[in-house]
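# Structural characterization, general
So you can see what is in the structure, the chains are spelled out below.
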Amino acid sequence: MKRTAVYPGSFDPVTRGHEDLIQRSLGFADRLVVAVAVNVVKQPLFTLEERVRLIRDAVPDPRVEVQSFDGLLVQFAQQVGASLIIRGLRAVSDFDYEFQMALMNRNLAPEIETVFLVPAFDLTYLSSSLVREVARFGADVSALVHPTVQQALKRKFGK
Ligand code: PNS
């Protein structure tokens, strides 16, 4: 039987850290659905369509699907037949929020297991918000994001 995992997030934009977790997930999942959240609390830099497109361009793997979702994550996971939710844990600061979210998701859908993955050492302190912040001021982010994302950031900030 095929094992499907869902990797949810805002992906505003996708970074090398996300790409790393996608590759690691493919070590134990046959199919990975990257789930781009419609409802991000703050105003995103990239539109939903742009965020989806950037992930598709950065991760051209037939085992990886990119879909947007609105509403509850566990409902989306059930719709796509996923038994796993993937989240990255970078630092202690992530832990509290992630723990609460995993427990709430288990409460809502006990059959779905949350799996926390540790990113590559050199990507541990990478986040979309830091990438946005430094790219805004013209910093070189070529080591942090896929070239297609780098181009998109340049266009966004008119550099
Ligand atoms: O990349 P992010 O912003 O940390 O991703 C957070 C996300 C989108 C995974 C989370 O907010 C989410 O799952 N939202 C969907 C709504 C939902 O199911 N909330 C209950 C989880 S406790």
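Residues numbered from 1 in each chain as written. Predicted model: local features only at pLDDT ≥ 70, side-chain atom pairs only at ≥ 80, totals over all residues. Heavy atoms only, no water.

Take the site of the ligand next. The ligand sits among 13 residues. The nearest are G9, S10, G71, L73 and R87. In the model, an oxygen atom of the ligand is placed 3.0 Å from a nitrogen or oxygen of the R87 side chain. Isolated, the ligand exposes 540 Å² of accessible area, and the fraction of that covered by the protein chains is 71%. Using a 2 Å cut-off from the grid points, one finds that the ligand occupies the largest pocket. Elements with a minimum of two residues in the shell around the ligand: strand 1 (4–9) and helix 4 (92–108). When residues in the shell around the ligand are grouped by element, the largest group, 4 residues, is from helix 4. Grouping the constituent residues of the shell around the ligand by class yields 8 nonpolar, 4 polar and 1 charged. (Near = heavy atom within 4 Å. Polar contact = N/O pair within 3.5 Å; in protein donor to acceptor, adjacent residues only side chain to side chain. Areas by Shrake-Rupley, 256 points an atom, 1.4 Å probe, with all protein chains shown as cover. 1 Å grid on protein atoms, 1.4 Å probe; cavity = no way out; pocket = protein on both sides within 12 Å on 5 of 7 lines; lining within 4 Å. Sits in = over half its atoms within 2 Å of the grid points. Helix = DSSP H or I, 4+ residues; strand = E, 2+ residues; numbered from the N terminus. Nonpolar A, V, L, I, M, F, W, Y, C, P; charged D, E, K, R; others polar.)

One can find D61 in the loop between helix 2 (48–58) and strand 3 (64–69). In terms of polar contacts, D61 uses its side chain to reach the backbone amide nitrogen of R63, at 2.8 Å.

Turning to unusual backbone geometry, a few remarks are in order. At the junction of D12 and P13, the peptide bond is cis and its omega measures out at 0 degrees in the coordinates. Mapping P13 onto the fold places it in the loop between strand 1 and helix 1 (16–25). Here the phi dihedral of F11 falls at roughly 50 degrees; this positive angle occurs in a residue that is not glycine. With respect to the helices and strands, F11 occurs in the loop between strand 1 and helix 1. Looking at F11, the relative accessible area reads 3%, which means it is buried. (Buried < 20%, exposed > 50% of the residue type's maximum accessible area, 1.4 Å probe, protein only.)

Regarding helix 5 (residues 128–136), the residues found buried are S128, V131, R132 and A135. Buried residues of helix 5, seen end-on, are gathered within an arc of 100 degrees and therefore sit on one face of the element. Elements in contact with the buried residues of helix 5: helix 1 and helix 6 (147–156). Within two residues after helix 5, G138 carries a phi angle of roughly 85 degrees, on the positive side. (Arc of directions from axis to C-beta. Contact = heavy atoms within 4.5 Å.)

Enumeration according to the criterion identifies 3 aromatic pairs in this entry. A centroid spacing of 5.3 Å and a plane angle of 85 degrees characterise the contact between Y7 and F11, whose relative ring orientation is edge-to-face. Plain terms: the ring middles of F95 and F99 are 5.1 Å apart, the flat faces sit at 25 degrees to each other, and that makes the pair stacked. Of this pair, F95 and F99 both sit in helix 4, 4 residues apart, which is roughly one turn of the helix. The class for F99 is partly exposed, based on a relative accessible area of 41%. (Phe/Tyr/Trp six-rings, centres within 6.5 Å; stacked < 30°, edge-to-face > 60°.)

The next subject is empty space enclosed by the protein. A full pass over the atoms with the stated rule returns 1 cavity of 30 Å³ or more. In this structure, the largest cavity encloses a volume near 30 Å³. Mapped onto the lining of the largest cavity, the elements with two or more residues apiece are strand 4 (84–88) and helix 4. Ranked by the residues each element gives to the lining of the largest cavity, the list is headed by helix 4, at 4 residues. Its residues placed into classes, the lining of the largest cavity shows 4 nonpolar, 2 polar and 2 charged. (Points joined across faces, edges and corners; volume = space filled by probe spheres on them.)

Before going further, it helps to examine the pairing of strand 2 (residues 31–37). Judged by how many residues are buried, strand 2 sits mostly within the fold: 6 of 7 residues are covered. As defined by bridge partners, strand 1 adjoins strand 2 across 6 bridges and the pair is classed as parallel. Counterpart to Y7 in the pairing with strand 2 is V34. Read from strand 1 through helix 1 to strand 2, the crossover connection turns out right-handed. Pairing analysis gives 6 bridges linking strand 2 to strand 3, with the strands arranged parallel. Paired with A35 across the two strands is Q67, which belongs to strand 3. Assessed by its sense of winding, the connection that carries the chain from strand 2 through helix 2 to strand 3 is right-handed. (Pairing = 2+ DSSP bridges. Right-handed = clockwise from strand over helix to strand, strands pointing away.)

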